[in-house]
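So the chains spell out like this:
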Amino acid sequence: MAALLMPPLRPRKDRVFRGTISHLTNLNDDELRRRYRFGKDSIAYLCNLLQDRLRRPTNKATALTVEQQVCIALRFYASGSFLQVIGDTLGYDKGTVSRVVNDVTDALIDIKDDFVSWPTDVDSINRIKCGFYRQSNFPNVLGCIDCTHVRIQAPSDDEPSYVNRKGYHSINVQAVCDFEGRFTNIFANWPGSTHDSHIFNTSTLSNYLQTNHRGLIDGVILGDSGYACRPYLLTPYANPTVRHQQRFNGCHASTRSVIERTFGILKRRFHVLHSEVRMKPEKVCRIFGACAVLHNIALSRNEPLVNDDGAGVRLDQPVQVPAFLGVQDGRNTREHVARVFFNH
(Lines give C-alpha, C1' and ligand atoms only; values in the text may rest on other atoms or scores of the structure.)
Protein backbone atom coordinates (compact mmCIF):
# COMPACT_ATOMS: atom_id res chain seq x y z
CA MET A 1 0.00 0.00 0.00
CA ALA A 2 2.82 2.40 0.91
CA ALA A 3 4.48 1.70 -2.42
CA LEU A 4 1.33 2.83 -4.22
CA LEU A 5 1.50 6.24 -2.51
CA MET A 6 5.07 6.94 -3.54
CA PRO A 7 5.53 9.21 -6.57
CA PRO A 8 6.94 7.49 -9.64
CA LEU A 9 10.68 7.77 -10.08
CA ARG A 10 11.75 10.22 -12.77
CA PRO A 11 13.89 8.59 -15.46
CA ARG A 12 17.50 9.65 -15.26
CA LYS A 13 18.51 12.08 -17.97
CA ASP A 14 21.15 10.73 -20.30
CA ARG A 15 24.47 12.52 -20.10
CA VAL A 16 25.47 14.24 -23.31
CA PHE A 17 29.17 14.73 -23.98
CA ARG A 18 30.25 17.36 -26.44
CA GLY A 19 33.42 17.22 -28.44
CA THR A 20 36.20 19.77 -28.53
CA ILE A 21 34.91 21.74 -31.51
CA SER A 22 36.49 25.19 -31.56
CA HIS A 23 34.18 28.14 -31.00
CA LEU A 24 36.41 30.19 -33.27
CA THR A 25 36.32 28.10 -36.43
CA ASN A 26 33.67 29.88 -38.49
CA LEU A 27 33.75 33.40 -37.03
CA ASN A 28 35.81 36.36 -38.19
CA ASP A 29 37.28 38.92 -35.77
CA ASP A 30 34.29 41.28 -35.96
CA GLU A 31 31.87 38.47 -35.17
CA LEU A 32 34.10 37.26 -32.33
CA ARG A 33 34.27 40.73 -30.80
CA ARG A 34 30.49 41.07 -30.89
CA ARG A 35 30.19 37.81 -28.93
CA TYR A 36 33.34 37.68 -26.81
CA ARG A 37 34.77 41.25 -26.95
CA PHE A 38 38.11 39.95 -28.21
CA GLY A 39 39.46 39.00 -31.62
CA LYS A 40 40.93 35.60 -32.49
CA ASP A 41 44.53 36.53 -31.68
CA SER A 42 43.57 38.04 -28.33
CA ILE A 43 41.51 34.98 -27.38
CA ALA A 44 44.50 32.80 -28.24
CA TYR A 45 46.62 35.10 -26.06
CA LEU A 46 44.19 34.67 -23.14
CA CYS A 47 44.17 30.90 -23.59
CA ASN A 48 47.95 30.80 -23.51
CA LEU A 49 47.98 33.08 -20.47
CA LEU A 50 45.53 30.94 -18.48
CA GLN A 51 46.27 27.45 -19.76
CA ASP A 52 48.27 26.28 -16.73
CA ARG A 53 45.40 27.27 -14.44
CA LEU A 54 42.54 25.95 -16.60
CA ARG A 55 43.88 22.77 -18.16
CA ARG A 56 41.91 19.81 -16.79
CA PRO A 57 44.05 17.13 -15.06
CA THR A 58 42.50 14.34 -17.13
CA ASN A 59 42.96 12.56 -20.45
CA LYS A 60 39.22 12.23 -21.10
CA ALA A 61 38.19 13.29 -24.57
CA THR A 62 35.07 14.92 -23.11
CA ALA A 63 36.99 17.36 -20.87
CA LEU A 64 36.56 21.02 -21.77
CA THR A 65 39.53 22.59 -23.48
CA VAL A 66 41.10 25.83 -22.27
CA GLU A 67 39.70 27.58 -25.33
CA GLN A 68 36.16 26.39 -24.59
CA GLN A 69 36.39 27.54 -20.99
CA VAL A 70 37.71 30.98 -21.95
CA CYS A 71 34.98 31.43 -24.56
CA ILE A 72 32.22 30.41 -22.15
CA ALA A 73 33.43 32.90 -19.54
CA LEU A 74 33.95 35.71 -22.06
CA ARG A 75 30.44 35.15 -23.40
CA PHE A 76 29.06 35.49 -19.88
CA TYR A 77 31.07 38.64 -19.12
CA ALA A 78 30.18 40.20 -22.47
CA SER A 79 26.44 39.50 -22.46
CA GLY A 80 25.49 39.45 -18.78
CA SER A 81 22.88 36.79 -19.62
CA PHE A 82 21.67 34.11 -17.25
CA LEU A 83 23.89 31.05 -16.94
CA GLN A 84 21.08 28.95 -18.37
CA VAL A 85 20.89 31.18 -21.45
CA ILE A 86 24.66 31.00 -21.93
CA GLY A 87 24.51 27.22 -21.67
CA ASP A 88 21.64 26.93 -24.13
CA THR A 89 23.40 29.28 -26.56
CA LEU A 90 26.75 27.50 -26.52
CA GLY A 91 25.45 23.98 -25.93
CA TYR A 92 26.45 23.32 -22.31
CA ASP A 93 24.65 22.53 -19.10
CA LYS A 94 23.96 25.40 -16.70
CA GLY A 95 26.10 23.75 -14.02
CA THR A 96 29.01 23.46 -16.43
CA VAL A 97 28.77 27.15 -17.31
CA SER A 98 28.69 28.08 -13.62
CA ARG A 99 31.82 26.06 -12.83
CA VAL A 100 33.66 27.41 -15.86
CA VAL A 101 32.84 31.03 -15.03
CA ASN A 102 34.11 30.48 -11.49
CA ASP A 103 37.31 28.80 -12.71
CA VAL A 104 38.13 31.47 -15.31
CA THR A 105 37.31 34.27 -12.87
CA ASP A 106 39.63 32.74 -10.27
CA ALA A 107 42.38 32.33 -12.89
CA LEU A 108 42.11 35.98 -13.92
CA ILE A 109 42.18 37.11 -10.28
CA ASP A 110 45.34 35.03 -9.78
CA ILE A 111 47.14 37.11 -12.44
CA LYS A 112 45.57 40.44 -11.48
CA ASP A 113 48.78 41.90 -10.09
CA ASP A 114 50.46 41.41 -13.47
CA PHE A 115 47.94 43.68 -15.19
CA VAL A 116 46.44 45.94 -12.49
CA SER A 117 49.28 47.45 -10.49
CA TRP A 118 50.15 50.78 -8.91
CA PRO A 119 53.08 52.54 -10.65
CA THR A 120 56.25 52.41 -8.57
CA ASP A 121 59.17 52.69 -11.01
CA VAL A 122 60.33 56.09 -12.25
CA ASP A 123 59.61 55.45 -15.93
CA SER A 124 55.99 54.40 -15.29
CA ILE A 125 55.38 57.31 -12.93
CA ASN A 126 56.84 59.86 -15.36
CA ARG A 127 54.92 58.36 -18.26
CA ILE A 128 51.60 58.75 -16.41
CA LYS A 129 52.39 62.28 -15.22
CA CYS A 130 53.32 63.34 -18.76
CA GLY A 131 50.22 61.72 -20.20
CA PHE A 132 47.86 63.56 -17.88
CA TYR A 133 49.68 66.87 -18.41
CA ARG A 134 49.49 66.57 -22.20
CA GLN A 135 45.78 65.79 -22.06
CA SER A 136 44.57 68.39 -19.57
CA ASN A 137 47.56 70.51 -18.41
CA PHE A 138 47.19 69.30 -14.82
CA PRO A 139 50.65 68.66 -13.32
CA ASN A 140 51.91 65.67 -11.36
CA VAL A 141 48.80 63.48 -11.60
CA LEU A 142 49.28 59.76 -10.93
CA GLY A 143 45.65 58.74 -11.38
CA CYS A 144 41.98 59.58 -11.00
CA ILE A 145 39.82 57.88 -8.40
CA ASP A 146 36.09 57.23 -8.19
CA CYS A 147 33.57 54.56 -7.25
CA THR A 148 30.95 52.82 -9.35
CA HIS A 149 27.97 50.67 -8.42
CA VAL A 150 27.42 47.17 -9.79
CA ARG A 151 23.79 46.12 -9.47
CA ILE A 152 23.18 42.79 -7.73
CA GLN A 153 20.24 40.67 -6.70
CA ALA A 154 19.13 41.35 -3.12
CA PRO A 155 21.34 39.14 -0.91
CA SER A 156 19.89 37.11 1.96
CA ASP A 157 22.54 38.28 4.45
CA ASP A 158 22.65 41.91 5.62
CA GLU A 159 20.33 42.96 2.80
CA PRO A 160 19.75 46.62 3.88
CA SER A 161 23.45 47.51 3.73
CA TYR A 162 23.49 46.73 -0.01
CA VAL A 163 20.81 49.32 -0.84
CA ASN A 164 22.62 52.36 -2.28
CA ARG A 165 21.51 55.99 -2.35
CA LYS A 166 19.66 55.37 -5.64
CA GLY A 167 17.50 52.71 -4.04
CA TYR A 168 18.78 49.47 -5.59
CA HIS A 169 21.11 46.74 -4.33
CA SER A 170 24.71 47.01 -5.40
CA ILE A 171 28.40 46.58 -4.71
CA ASN A 172 30.31 49.87 -4.47
CA VAL A 173 33.66 49.42 -6.24
CA GLN A 174 36.58 51.86 -5.98
CA ALA A 175 39.02 52.17 -8.87
CA VAL A 176 41.94 54.33 -9.97
CA CYS A 177 42.94 54.68 -13.62
CA ASP A 178 45.70 56.41 -15.57
CA PHE A 179 45.35 58.84 -18.48
CA GLU A 180 44.75 55.99 -20.95
CA GLY A 181 41.88 54.56 -18.91
CA ARG A 182 44.00 51.68 -17.66
CA PHE A 183 43.13 50.50 -14.14
CA THR A 184 46.01 50.79 -11.69
CA ASN A 185 44.12 49.95 -8.50
CA ILE A 186 40.84 48.13 -7.74
CA PHE A 187 39.11 47.79 -4.38
CA ALA A 188 35.87 45.78 -4.60
CA ASN A 189 34.86 44.83 -1.11
CA TRP A 190 31.99 47.02 0.12
CA PRO A 191 28.16 47.01 -0.11
CA GLY A 192 26.32 49.75 -1.98
CA SER A 193 25.42 51.89 1.03
CA THR A 194 29.07 52.51 1.93
CA HIS A 195 30.31 56.06 1.25
CA ASP A 196 33.13 56.51 -1.25
CA SER A 197 35.38 58.27 1.28
CA HIS A 198 35.04 55.42 3.78
CA ILE A 199 36.01 52.90 1.11
CA PHE A 200 39.12 54.93 0.32
CA ASN A 201 40.06 55.36 3.99
CA THR A 202 39.98 51.60 4.54
CA SER A 203 41.76 50.68 1.30
CA THR A 204 45.33 49.47 0.95
CA LEU A 205 45.94 52.35 -1.45
CA SER A 206 45.14 54.92 1.23
CA ASN A 207 47.48 53.17 3.67
CA TYR A 208 50.21 53.02 1.01
CA LEU A 209 49.92 56.73 0.18
CA GLN A 210 49.88 57.77 3.84
CA THR A 211 53.00 55.72 4.48
CA ASN A 212 55.03 56.41 1.35
CA HIS A 213 53.92 59.82 0.07
CA ARG A 214 56.73 62.35 0.48
CA GLY A 215 54.95 65.47 -0.71
CA LEU A 216 53.63 67.06 -3.89
CA ILE A 217 56.65 66.03 -5.96
CA ASP A 218 55.62 62.36 -5.59
CA GLY A 219 52.40 63.05 -7.47
CA VAL A 220 48.71 63.17 -6.57
CA ILE A 221 45.46 61.46 -7.44
CA LEU A 222 42.33 63.43 -8.25
CA GLY A 223 38.95 62.75 -6.69
CA ASP A 224 35.56 64.43 -6.57
CA SER A 225 34.12 66.39 -3.65
CA GLY A 226 33.00 63.17 -1.95
CA TYR A 227 36.58 62.66 -0.76
CA ALA A 228 38.54 64.64 1.82
CA CYS A 229 41.25 66.87 0.34
CA ARG A 230 44.69 65.54 1.29
CA PRO A 231 48.28 66.14 0.18
CA TYR A 232 48.08 63.07 -2.08
CA LEU A 233 44.37 63.33 -3.07
CA LEU A 234 43.24 66.69 -4.44
CA THR A 235 39.54 67.57 -4.67
CA PRO A 236 37.86 70.63 -6.24
CA TYR A 237 37.19 73.84 -4.32
CA ALA A 238 33.69 73.83 -2.86
CA ASN A 239 33.18 77.56 -3.44
CA PRO A 240 35.87 78.98 -5.74
CA THR A 241 36.08 82.73 -5.29
CA VAL A 242 39.13 83.80 -7.30
CA ARG A 243 40.25 83.09 -10.85
CA HIS A 244 42.98 80.56 -10.10
CA GLN A 245 40.55 78.49 -8.01
CA GLN A 246 37.98 78.52 -10.79
CA ARG A 247 40.57 77.52 -13.36
CA PHE A 248 41.81 74.79 -11.02
CA ASN A 249 38.27 73.38 -10.74
CA GLY A 250 37.78 73.41 -14.50
CA CYS A 251 41.05 71.64 -15.21
CA HIS A 252 40.43 69.24 -12.32
CA ALA A 253 37.03 68.23 -13.74
CA SER A 254 38.45 67.82 -17.24
CA THR A 255 41.29 65.62 -16.00
CA ARG A 256 39.19 63.53 -13.61
CA SER A 257 36.58 62.72 -16.26
CA VAL A 258 38.84 59.92 -17.53
CA ILE A 259 37.75 57.63 -14.68
CA GLU A 260 34.08 58.17 -15.53
CA ARG A 261 34.73 57.41 -19.19
CA THR A 262 36.69 54.30 -18.17
CA PHE A 263 33.79 52.99 -16.10
CA GLY A 264 31.51 53.59 -19.08
CA ILE A 265 33.81 51.69 -21.45
CA LEU A 266 34.19 48.83 -18.96
CA LYS A 267 30.43 48.40 -18.59
CA ARG A 268 29.82 48.71 -22.32
CA ARG A 269 32.42 46.05 -23.00
CA PHE A 270 31.25 43.70 -20.25
CA HIS A 271 27.48 43.92 -19.86
CA VAL A 272 27.57 41.65 -16.82
CA LEU A 273 28.63 44.76 -14.85
CA HIS A 274 25.79 46.82 -16.31
CA SER A 275 22.94 44.41 -15.60
CA GLU A 276 21.79 42.83 -12.34
CA VAL A 277 24.25 40.10 -11.39
CA ARG A 278 22.45 37.15 -9.80
CA MET A 279 25.34 35.91 -7.70
CA LYS A 280 26.56 36.28 -4.15
CA PRO A 281 28.25 39.64 -3.43
CA GLU A 282 31.70 38.12 -2.97
CA LYS A 283 31.49 36.49 -6.41
CA VAL A 284 30.38 39.78 -7.98
CA CYS A 285 33.47 41.47 -6.49
CA ARG A 286 35.69 38.85 -8.09
CA ILE A 287 33.93 39.17 -11.44
CA PHE A 288 34.57 42.93 -11.40
CA GLY A 289 38.25 42.25 -10.76
CA ALA A 290 38.37 39.73 -13.60
CA CYS A 291 36.70 42.20 -15.99
CA ALA A 292 39.19 44.91 -14.94
CA VAL A 293 42.05 42.58 -15.87
CA LEU A 294 40.42 41.85 -19.24
CA HIS A 295 39.87 45.59 -19.79
CA ASN A 296 43.57 46.30 -19.29
CA ILE A 297 44.50 43.40 -21.57
CA ALA A 298 42.12 44.77 -24.23
CA LEU A 299 43.85 48.16 -23.98
CA SER A 300 47.31 46.64 -24.28
CA ARG A 301 46.23 44.65 -27.35
CA ASN A 302 44.41 47.58 -28.98
CA GLU A 303 41.05 45.87 -29.04
CA PRO A 304 38.20 48.12 -30.28
CA LEU A 305 35.64 49.84 -28.02
CA VAL A 306 38.30 52.08 -26.52
CA ASN A 307 38.52 55.88 -26.85
CA ASP A 308 42.06 56.00 -28.19
CA ASP A 309 43.36 58.98 -30.16
CA GLY A 310 46.49 57.08 -31.11
CA ALA A 311 48.84 59.58 -29.48
CA GLY A 312 51.95 57.95 -28.08
CA VAL A 313 53.60 58.99 -24.84
CA ARG A 314 57.37 59.35 -24.64
CA LEU A 315 59.34 58.34 -21.57
CA ASP A 316 60.48 61.88 -20.86
CA GLN A 317 60.46 64.09 -17.79
CA PRO A 318 57.17 65.45 -16.39
CA VAL A 319 56.58 69.14 -15.82
CA GLN A 320 58.52 70.37 -12.81
CA VAL A 321 56.40 71.29 -9.80
CA PRO A 322 57.89 73.81 -7.36
CA ALA A 323 58.48 72.30 -3.96
CA PHE A 324 55.78 73.10 -1.43
CA LEU A 325 57.24 73.86 1.98
CA GLY A 326 54.07 74.96 3.76
CA VAL A 327 51.75 73.00 6.00
CA GLN A 328 51.46 69.53 4.44
CA ASP A 329 47.72 69.09 4.29
CA GLY A 330 45.26 68.77 1.43
CA ARG A 331 43.92 72.31 1.32
CA ASN A 332 47.32 74.01 1.39
CA THR A 333 48.68 71.63 -1.25
CA ARG A 334 45.67 72.30 -3.48
CA GLU A 335 46.05 76.08 -3.06
CA HIS A 336 49.77 75.83 -3.92
CA VAL A 337 49.02 73.97 -7.16
CA ALA A 338 46.18 76.34 -8.05
CA ARG A 339 48.29 79.48 -7.51
CA VAL A 340 51.34 78.20 -9.38
CA PHE A 341 49.64 76.67 -12.44
CA PHE A 342 46.24 78.33 -12.78
CA ASN A 343 46.76 81.92 -11.64
CA HIS A 344 46.87 83.50 -15.11
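Residues numbered from 1 in each chain as written. Predicted model: local features only at pLDDT ≥ 70, side-chain atom pairs only at ≥ 80, totals over all residues. Heavy atoms only, no water.

### Describing the confidence of the model for the chain
When pLDDT is averaged along the chain, the result is 86; 83% of the residues meet or exceed 70. Per-element averaging of pLDDT across the chain places helix 1 (residues 2-5) at the bottom with 56 and strand 2 (residues 170-177) at the top with 97. Ignoring residues within four places in sequence, the model shows residues 306-315, a span with pLDDT below 50, making 14 contacts including any to other chains. (pLDDT = per-residue confidence, 0-100. Helix = DSSP H or I, 4+ residues; strand = E, 2+ residues; numbered from the N terminus. Contact = heavy atoms within 4.5 Å.)

### Observations concerning the pattern of salt bridges
According to the stated counting rule, one finds eleven salt bridges in the structure shown. Between Glu 180 and Arg 127 there is a salt bridge whose closest N-O contact spans 2.6 Å. Residue Glu 180 is located in the loop between strand 2 and strand 3 (183-191), and its partner Arg 127 is located in helix 8 (residues 122-136); the two are separated by 53 residues in the primary sequence. Its relative accessible area of 30% is what places Glu 180 among the partly exposed residues. With a relative accessible area of 23%, Arg 127 lands in the partly exposed category. The partner of Asp 146 in a salt bridge is Arg 256, with the nearest N and O atoms 3.5 Å apart. With Asp 146 in strand 1 (residues 141-151) and Arg 256 in helix 11 (residues 243-269), this pair connects stretches of sequence that are 110 residues apart. For Asp 146, a relative accessible area of 9% translates into the label buried. What makes Arg 256 buried here is its relative accessible area of 10%. (Salt bridge = Lys/Arg side-chain N within 4 Å of Asp/Glu carboxyl O. Buried < 20%, exposed > 50% of the residue type's maximum accessible area, 1.4 Å probe, protein only.)

### So, the packing of aromatic side chains
Summed over the entire model, instances satisfying the criterion amount to six aromatic pairs. Ring geometry for Phe 132 and Phe 179: centres 6.1 Å apart, planes at 70°, overall edge-to-face. In this pair, Phe 132 sits in helix 8 while Phe 179 sits in the loop between strand 2 and strand 3, placing the two residues 47 residues apart along the sequence. Exposure class is identical for Phe 132 and Phe 179. Each is buried. In this structure an aromatic cluster arises from ring pairing among Phe 138, Tyr 237 and Phe 248. Taking the ring centre of Tyr 168 as reference, the NZ or CZ of Arg 151 above it sits at 3.9 Å. Positioned above the aromatic ring of Tyr 45, the side-chain terminus of Arg 301 is 4.6 Å from the ring centre. (Phe/Tyr/Trp six-rings, centres within 6.5 Å; stacked < 30°, edge-to-face > 60°. Lys NZ or Arg CZ within 6 Å of the ring centre and 35° of its normal.)

### With respect to the pairing of strand 1
In terms of residue burial, strand 1 counts as a mostly covered element, since ten of its eleven residues are buried. Here strand 1 pairs with strand 4 (residues 220-222) via three bridges, running parallel. Note that in strand 4 the partner of Val 141 across the bridge is Val 220. Where strand 1 lies against strand 2, eight bridges are found, and the strand directions are antiparallel. Bridge pairing links His 149 to Asn 172 in strand 2. (Pairing = 2+ DSSP bridges.)

### Regarding the side chain of Lys 129
Along the chain, the position of Lys 129 falls in helix 8. Nearest to the buried, unbridged Lys 129 among oppositely charged side chains is Asp 218, at 6.2 Å. At 3.0 Å, the side chain of Lys 129 and the backbone oxygen of Ile 217 are in polar contact. (Lys, Arg positive; Asp, Glu negative; His and termini not counted. Polar contact = N/O pair within 3.5 Å; in protein donor to acceptor, adjacent residues only side chain to side chain.)

### Side note on the side chain of Ser 206
Tracing the chain through its elements places Ser 206 in helix 10 (residues 204-212). Setting aside anything within four residues of it in sequence, one finds Ser 206 in contact with Phe 200, Asn 201, Arg 230 and Tyr 232.

### Here's the deal with the sheet that holds strand 4
Pairing in this open sheet of five strands is mixed, and the strands run 3-2-1-4-5 from one edge to the other. Looking at strand neighbours, the two that pair on one side only are strand 3 and strand 5 (233-234), the edges of this open sheet. On top of the sheet, helix 8 reaches strand 1 and strand 2; it is set at about 80° to strand 1, its chief contact. Against the sheet, helix 12 (residues 281-300) makes contact with strand 1, strand 2 and strand 3, and its axis sits at roughly 170° relative to strand 3, the strand it touches most. (Axes fitted to C-alpha atoms, helices over the stretch in contact; angles between N-to-C directions.)

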